[in-house]
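Listed below, chain by chain, are the residues.
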Amino acid sequence: MDILNIATTLIVLAAFFGYLNARFLKFPDAIGLMLIAIVLSAVTIMVGSVFPDILEFEKELVTKIDFKEVLLDGFLSIILFAGALHTDLELLRTMRGPILMFATLGVLLSTFLVGGMTFVGFQWLGLDIPFIHCLLFGALISPTDPIAVLGILKNAGVSKVLEIKIVGESLFNDGVGVVIFMTIFSVAHLGSGEMNSGNIALLFFEEVGGGILLGLGLGYFAYFLMKSIDNYQVEVLITLAIVLGGYWLARHLHFSGPLAMVVAGLMIGHERFRSGGMSGITETYIDKFWELLDLSFNAILFVLIGLELIIISLNGQYLLAGLLAIPIVLLARYMALFFPIRLFKKRLGLAPQTGIMMTWGGLRGGISIALALSLTASMSRELLITVSYIVVVFSIIVQGLSVGRLAKRYRKSLEAAGQSSD
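Residues numbered from 1 in each chain as written. Predicted model: local features only at pLDDT ≥ 70, side-chain atom pairs only at ≥ 80, totals over all residues. Heavy atoms only, no water.

This part takes up the overall build of the protein chain. In terms of helices and strands, the protein chain carries 18 helices and zero strands. C-alpha extents for the protein chain along the principal axes are approximately 60 × 55 × 50 Å. When burial is assessed residue by residue, the protein chain has 54% of its 422 residues classed as buried. A fraction of 84% describes how many contacts in the protein chain between residues 6 or more apart in sequence connect residues 24 or more apart. When the accessible surface of the protein chain is split by element, carbon and sulfur atoms take 66% of a total near 18500 Å². Placing the 27 positive and 30 negative side-chain charges of the protein chain at their respective mean positions leaves the two points 12 Å apart. (Helix = DSSP H or I, 4+ residues; strand = E, 2+ residues; numbered from the N terminus. Buried < 20%, exposed > 50% of the residue type's maximum accessible area, 1.4 Å probe, protein only. Contact = heavy atoms within 4.5 Å. Areas by Shrake-Rupley, 256 points an atom, 1.4 Å probe, with all protein chains shown as cover. Lys, Arg positive; Asp, Glu negative; His and termini not counted. Charge placed at Lys NZ, Arg CZ, Asp CG, Glu CD.)

Structure below.
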C-alpha cells in the first residue's frame, strides 16, 4: 500500500466517520471520530476469523503508517499553529505565571509521581518492570495533549479564564514533556553514566530556549513579509511556508518545533500583527484556511488513534495495568497542580475547584501514543503502548464527554459563591 492509497483511505474514513458523527452521534468531532474508529477496529478483530481479508487490510493500513512520524513530524506543527493562531494572547499573558509552572514544574513532578505509583502498581499486578521504564511512562503520559484539548474544550462550554489556563498549559507543556521524555529515554538506553546534569541542562535550554527564539524569529519574519504586500493568496501561502519550513528548520537545529509553532502562531494571531500586517480580506482568508486545516488534520488524527486498537496487545495483565493507570495519572496530575494553584490562588483569584477542573480537563491524546510507539522493545514497549492507549481512550471519551457537565457545575458553584467565571 503506497502513500497515496493510505492518504486516500484515511481521508475517506475521516469524511465518512465525520458524517456518521454529525448525523447520528453528535459528539464533539474528536470524540465521535475516534469512537467510531475504535468500534470499527473492534468489529474487525471479532470478524477477522471469518473475513481475514478485512482484518489484514486494516492491519496493513495501520502498520504501514509511522504514527510517531505522522504526528510529531507532520500533523503537530499545523495543528499547534492553528490552535495558537486563535488563542487570546493578552488573556494568556495574565495567566503566564501559573501556565509556566503547570508546563514545567507540573509536568516534571507528574512524571515522577506517575512513575513511582505505576512502579508499585505494576509490581502488585506481578509485572516486573524496571523503575526507569515506569518513569518513561510518566514522562509520555504527563503532558496534556494540545490537540485533544483544543478539539474538545471549544465545545465544552468552559469559561474563557479556565479555558486559557488549560489550553495555554497544553500548548506549552508538550515541548517540555518531550524534552523530559527524551532525557529519560537516553538514560534508559545509554545508562545513567552517559548522562549528567550538564547534558540535561544543555538539552533543555537548546530545545526549549531555541524553540521559543525560533518562533519569535519566524513571527517577525512573517510580519515583515506580509506587511510589505497586500495579496491574500500569497499571504496565506506565507503562513503555510512559515509553519512547514519553520518546523523543518527546528528539527535540523535540534530546537523544539512544537514550541516554535506555538510562539509563531501566537504572534501572527495577535491583534497588533493583524492590524499592522493584514488587510481585512487577508485576515478572513487566513483564519478560514487554518480552521479548515485544523479540522481536517484533527479528523484524520483521531481516526488514526482509533485504528491503532488493531495493534494493541489484549493481554489480560496489560489491560488491568491500563485500568490501574487511569486513577494514578489523574491523581498525579491533581497533586502536581496543587502547589502552583495554591501559589497563584489569591493573586489571580483562582476558584477552589480549579484543580479538579484542570485535572479532569487535562486530556491526553496522540502525543502520548506517538511517544509510546517510539520506545524500543527492551523498554517494556508492548506493555506501555497498551497502558498508554487505555489512558488516552479513557481521557478523550470519558473525560471529554463529561468535562462540559463538570464545567456547568463549576460555573454554578462560582455563581453561588458570588464569583465570576469569565
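This next bit is on the pattern of salt bridges. In the structure shown here, the tally under the stated rule is five salt bridges. A salt bridge links Arg-333 to Glu-169; the nearest nitrogen and oxygen atoms lie 2.9 Å apart. Here Glu-169 lies in helix 9 (residues 160–190) and Arg-333 lies in helix 15 (residues 316–348), a separation of 164 residues in the sequence. The same class applies to Arg-333 as to Glu-169, namely buried. (Salt bridge = Lys/Arg side-chain N within 4 Å of Asp/Glu carboxyl O.)

The next point concerns the environment of Leu-108. Position of Leu-108 relative to the elements: it lies in helix 6 (residues 96–124). The exposure class of Leu-108 is partly exposed, given its relative accessible area of 40%. A sequence separation of 82 residues divides Leu-108 from Leu-190, and the C-alpha atoms of the two residues are 21 Å apart.

Before going further, it helps to examine the packing of aromatic side chains. In this description, an aromatic ring pair is defined by two values, namely the gap between the centres and the angle between the planes. Under the counting rule described, the total for this entry stands at nine aromatic pairs. Between the aromatic rings of Phe-16 and Phe-17, the centroid separation amounts to 6.2 Å while the plane-to-plane angle is 45 degrees, which identifies the pairing as tilted. Given the relative accessible area of 46%, Phe-16 is considered partly exposed. Between Phe-119 and Phe-131, the ring centres sit 5.7 Å apart and the planes meet at 90 degrees, which makes this aromatic pair edge-to-face. (Phe/Tyr/Trp six-rings, centres within 6.5 Å; stacked < 30°, edge-to-face > 60°.)

In terms of nonpolar packing, the biggest core is built from 140 residues, with Phe-67, Leu-71, Phe-122, Phe-137, Phe-172, Trp-290 and Phe-302 touching the most fellow members. Among the elements that take part in this core, helix 18 (residues 381–416) stands out by supplying 15 residues, more than any other. Viewed by domain, this core spans two of them, domain 1 (3–64) and domain 2 (67–417), each represented by three or more residues. Every residue in contact with Phe-137, bar those within four places of it in the chain, is listed here: Val-114, Thr-118, Ala-325, Val-329, Leu-384, Val-387, Ser-388 and Val-391. (Core = buried A, V, L, I, M, F, W, Y, C linked by side-chain atoms within 4.5 Å. Domains from an automatic or database assignment.)

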